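Chain and residue survey
Listed below are the residues making up each chain.
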Amino acid sequence: MSHWQELEHRYFMPTVERTPVTLVRGQGVRVWDDAGREYLDFVGGWAVDSLGHCHPVVAQAVIEQVQTLIHTSNQFYTIPQIRLAELLVKNSCLDKVFFGNSGTEANEGAVKLARRYGKRYLDGAYEVVTAYASFHGRTLAMVAASGQAKFQEPYIPLPVGFINVEYNNVEAIKAATTSQTCAVMLEPLQGEGGVNVPSKGYLAAVRDWCEQAGILFILDEIQTGLGRTGTLFAYEQYGVEPDIMTLAKGLASGLPIGTLLAKDRASVFTPGEHGSTFGGNPVACAAGYATLKFIIENDIAGNARRVGEHLLSGLGKLKEKFSFITDVRGRGLLAAMEFSSEIAQSVVTACLDRGLLVNKLKPNALRFMPPLVVSSREVDEAIGILDKALSSVSS
Ligand SMILES: *Cc1c(COP(=O)(O)O)cnc(C)c1O
């Protein structure tokens, strides 16, 4: 274990099993460790580094902003947050924006907004229906929203107001809807919970049910949004529009930001009902504006779609070659590979040894979420390394 890793073990709460590498520098789709070794990065900061590491457009925007104005509080108008809000609204189906600092915080805001709507229009309804295997964040309320026992069990009792039901099953949502329900909250495609792709018609059926029941349809696009799945927002591929949407990960190239967006009719906060000290911070918003503008002007979503198809086909070929690969799935540049046994950690290590960073999704599955600017050649390189790593693990 290196010097830095020993220090980490001494000073940190052990909340995460880190891959034993200390990264010190990044450029494009590559990062370097403290010994100067180079890696191809298919973790991408957990789907955050959309434009790759240290993209010059983002770096320049951040440098200019930190030399101009770093923070003021939301007591005052500041320009970067207004420019970013306008760009988000003009390129989505939503009308109003609120900025926080993380995905979890954006989802908390979404649920508060839905409860506010319930108080105003639905006789005080406050329950939110969410799906098993979902992931909505780490606060107590978002742990209750995330339908996964491993996140919930250590913290029971959890806040009330969340009903977890089976994913891909609109009947389960209908059965869970009562006069207390104010919203349904889903990831269009479940990320952390397994890269689970919705079956045909599911999201549209949920959307129709929400309309029929008079409740809000919330999409958590924190992982799927901003080009990741091959369109700017995943909802575009499923013919649905949410009343409320949350974004975070890929928005500001790694600066902390979380965004809650709503249609006008669902935008029911009044002054003082929600807030944030750092949310809408000029530096994060300047990075967000530079990132989003680049994504839109250069059709980065289109690159994610094309290169994502190439990635899925490469992973599919590996599935034909190795019988212990049981499934390959995903959309755009969000993909997973599942194994018949719990070998994911060994594969992560074998890839690391060969210069490729990948994410362990579950004990028996890997997730791939490279920067959206990755090329087909870089995907070929990654597939080549993965092929060798899989051979080494199977023999
Ligand atoms: C990562 C993620 C979150 C939580 O975001 P944080 O920034 O870690 O708080 C919420 N929802 C989804 C779908 C995510 O992928």
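Of the two faces of strand β2 (residues 30-33), the one holding Arg30 and Trp32 and the one holding Val31 and Asp33 are both buried throughout. Note that strand β1 (residues 23-27) and β2 share four bridges and pair antiparallel. Among the inter-strand pairings, arginine 25 is bridged to a residue of β2, identified as tryptophan 32. In this structure, the hairpin formed by β1 and β2 is closed by a connection of two residues, where glycine 28 is found at a positive phi of approximately 60°. Direction of pairing for β2 relative to strand β3 (residues 38-41): antiparallel, over a ladder of three bridges. Residue pairing in the sheet places arginine 30 in a bridge with leucine 40 of β3. Counted between consecutive antiparallel strands, the loop separating β2 from β3 contains four residues, among which glycine 36 sits at a positive phi close to 85°.

The next point concerns the domain arrangement of the chain. Annotation of the chain at the domain level lists domain 1 (3-55 + 299-394) and domain 2 (69-297). Using C-alpha coordinates to define each centre, domain 1 is positioned 26 Å away from domain 2. Contacts between the two partners involve 27 residues from domain 1 and, on the opposite side, 28 residues from domain 2. Seen at the junction of domain 1 and domain 2, the total is zero salt bridges. At the level of secondary structure, the elements contributing two or more residues to the side of domain 1 that touches domain 2 comprise α2 (44-47), α11 (300-321), β11 (325-331), β12 (334-339) and β14 (359-362). Per element, the largest residue contribution to the side of domain 1 that touches domain 2 is five residues, and it comes from α11. Tallied by class, the residues present in the side of domain 1 that touches domain 2 amount to 15 nonpolar, five polar and seven charged.

Criteria and thresholds
- Residues numbered from 1 in each chain as written.
- Predicted model: local features only at pLDDT ≥ 70, side-chain atom pairs only at ≥ 80, totals over all residues.
- Heavy atoms only, no water.
- Buried < 20%, exposed > 50% of the residue type's maximum accessible area, 1.4 Å probe, protein only.
- Helix = DSSP H or I, 4+ residues; strand = E, 2+ residues; numbered from the N terminus.
- Pairing = 2+ DSSP bridges.
- Domains from an automatic or database assignment.
- Contact = heavy atoms within 4.5 Å.
- Salt bridge = Lys/Arg side-chain N within 4 Å of Asp/Glu carboxyl O.
- Nonpolar A, V, L, I, M, F, W, Y, C, P; charged D, E, K, R; others polar.

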